[in-house]
Each structure stands twice: as C-alpha cells, then as structure tokens.
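Residue strings, one per chain:
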Amino acid sequence: MTSLASVTLEVADRTAAEQFYAAAFGLGPRIGLRPSQAPTTGFRGFAMSITVAQPADVAGFTRSALDAGATPLQPAEKSLWGYGSVVQAPDGTIWKLATSAKKDTGPVSREIGALVLLLGVEDVKASKRFYAEQGLTVAKSFGGKYVEFAADPSSPVQLALYKRRGLAKIAGVPEEGGGSHRIVLGGTGRSFTDPDGFGWEAPVAAGAPTPDRG
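Just so it is clear, the model here is predicted, and its values are computed rather than measured.

Here we come to helix α3 (residues 124-133). Among all positions in α3, only Val 124, Ser 127, Phe 130 and Tyr 131 are buried. Take α3 and look down its axis: the buried residues cluster within an arc of 120°, on one side only. Seen from the buried face of α3, the exposed residues on the opposite side, beyond 90 degrees, are Arg 129 and Glu 133. One side-chain oxygen of the residue at the start of α3 lies 3.2 Å from the amide nitrogen of Lys 125, identifying that residue as Asp 123. Gly 135 lies just past α3 and shows a positive phi near 110°.

Under the defined criterion, the tally for this structure stands at 14 aromatic pairs. Centroid distance Phe 192 to Trp 200: 5.1 Å. Interplanar angle 20°. Geometry classified as stacked. Through a chain of ring-to-ring contacts, the aromatic side chains of Phe 20, Tyr 21, Phe 25, Phe 61 and Trp 95 assemble into a single cluster. Over the face of the ring belonging to Trp 81 we find Lys 96, whose NZ or CZ atom lies 5.0 Å from the ring centre.

A few words on the nonpolar core. One finds Leu 9, Tyr 21, Phe 25, Trp 95, Leu 117 and Leu 119 to be the most contacted residues of the largest nonpolar core, which totals 44 residues. Those residues in contact with Leu 119, other than ones at most four positions away along the chain, are Gly 45, Phe 46, Tyr 131, Leu 159, Ala 160, Leu 161, Tyr 162, Leu 167, Leu 185, Asp 194 and Phe 198. Of all hydrophobic cores here, the second largest spans 14 residues; its members include Ala 47, Val 86, Ala 114 and Tyr 162.

Where helix α1 (residues 14-24) contacts helix α2 (residues 55-67), the axes come no closer than 8 Å and their chain directions differ by 150°. In terms of axis orientation, α1 runs roughly antiparallel to α2. Here the hand of the crossing between α1 and α2 comes out right-handed. Facing α1, whose interface residues are Phe 20, Ala 23 and Ala 24, α2 presents Phe 61, Ser 64 and Ala 65.

In this section: the sheet that holds strand β15 (residues 199-201). Pairing is mixed in the open sheet, where 5 strands are placed in the order β2-β1-β13-β15-β14. Of all the strands in the sheet, the pair left with one neighbour each is β2 (32-35) and β14 (192-193). Sheet topology note: the strand β1 (residues 4-11)/strand β13 (residues 183-187) ladder contains 5 bridges and is antiparallel. Among the inter-strand pairings, Ser 6 is bridged to a residue of β13, identified as Gly 186. Sheet strands in contact with α1 are β1 and β2, and its direction is about 155° off that of β2.

Even without a glycine there, the phi angle at Arg 182 is positive, about 60°. Here Arg 182 lies in the loop between β12 (177-179) and β13.

Calculation rules
Residues numbered from 1 in each chain as written. Predicted model: local features only at pLDDT ≥ 70, side-chain atom pairs only at ≥ 80, totals over all residues. Heavy atoms only, no water. Buried < 20%, exposed > 50% of the residue type's maximum accessible area, 1.4 Å probe, protein only. Helix = DSSP H or I, 4+ residues; strand = E, 2+ residues; numbered from the N terminus. Arc of directions from axis to C-beta. Polar contact = N/O pair within 3.5 Å; in protein donor to acceptor, adjacent residues only side chain to side chain. Phe/Tyr/Trp six-rings, centres within 6.5 Å; stacked < 30°, edge-to-face > 60°. Lys NZ or Arg CZ within 6 Å of the ring centre and 35° of its normal. Core = buried A, V, L, I, M, F, W, Y, C linked by side-chain atoms within 4.5 Å. Contact = heavy atoms within 4.5 Å. Axes fitted to C-alpha atoms, helices over the stretch in contact; angles between N-to-C directions. Parallel < 35°, antiparallel > 145°, perpendicular 65-115°, else oblique. Left-handed = near helix turned anticlockwise from the far one by under 90°. Pairing = 2+ DSSP bridges.

Keep in mind these values describe shape, not function.
Below you can see the structure in the form of structure tokens.
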C-alpha cells in the first residue's frame, strides 16, 4: 500500500527558497527543500495548490507571495468554481491559490485548508491505473481530465492528476518543457518512477542517512 507522505522541491538556492516560502505562505515543514542544479526548462509538469476559506485569504497569500519575489501568472479573480490566482516562486515552482467560496465570510486568515500536488500527465486514465496499482485509492475521477486520490490523514499533502495541457492552461504557461521536474515525492511504499517521470522515494530506514531537506 502506497500513499503520498511528503513533497520535496529541488531548488538552486535552498536558503533563498526557505526565506521565500516562510514569507509567502508560512508553509513550515509541509514542504521539503533540497539543493539541485539538475537542468530544467519551461513547464515542469506540476503545480502546488493551496486552498483557503475565502477570497480575502487568496488575495492575502497572493500579495505576500508577490512581495516575497513571486511572479504573477494569473491574477486573483472570480471564476465559475470560485476565486483564485496563480504565481510562480523564484525557484520556478508554480503555485495556485484558490477557494470555492465567492464571498468573504470573516476576517482575513493565513490558515491553509489543504495543500495539493497537481501532476500534469499525458494520459490521465493510464496514470490513474498506474497509481491504483501502486495502492493509491481514487477519491474522485472525471474521465480523462482529472483524478483526485484519497488523502492520507498523516500526510500534509494531497495528490491529484490533470492532463498536462490542461494544467499548463490553468497555470497560464505554455505546456512545453523538459529536463528535470525538480520535485521528489515521498511515499510510504517502495521507490518508483511514474509514466511521466515523477520520482517517488521510499521511507529512509532507521539509522540510514537522510536527504538534505527543509
């Protein structure tokens, strides 16, 4: 049985990334960071999503991210599903900030409702089958467009799949990209690489050296 236990972003400058994420989102230990100079170009095939309670919270996180050095990709605005924005961190990671609420119901908050890893894949149905074979449980599925896996109560991050082209459109970037994804998923089972090149690392055995993570 496998579930998503952690997400580690590989960044060129770990100190700078730590400072950005502390100022922008206050994520603390929810996301790991480790140095990497692996070559990467264009869209890396994934995005991180922070869901919050109301539009004012989206606006607040968007402002703090931009003030900390993020680049705006999609402005904070209403949509059919709610309210959201998209920014890109200085390390290149794309962040979607969203709420299903269309009106504010209380004071502005920095509370994060959920942290979700969105993987952009070439074939959603095939990747869904692959992950089901690894032991992940499908919670929601909408044909070949979107799949959401059941959250592990012990994990700070949830996992969902989009078609790569669709995720790039949501992010507001061209879908072309290559090289390293610059992200590593920590699983509760064995190590493996999925059909789109996203690598999963098995838990480190007791007494073994641990990766350099934030």
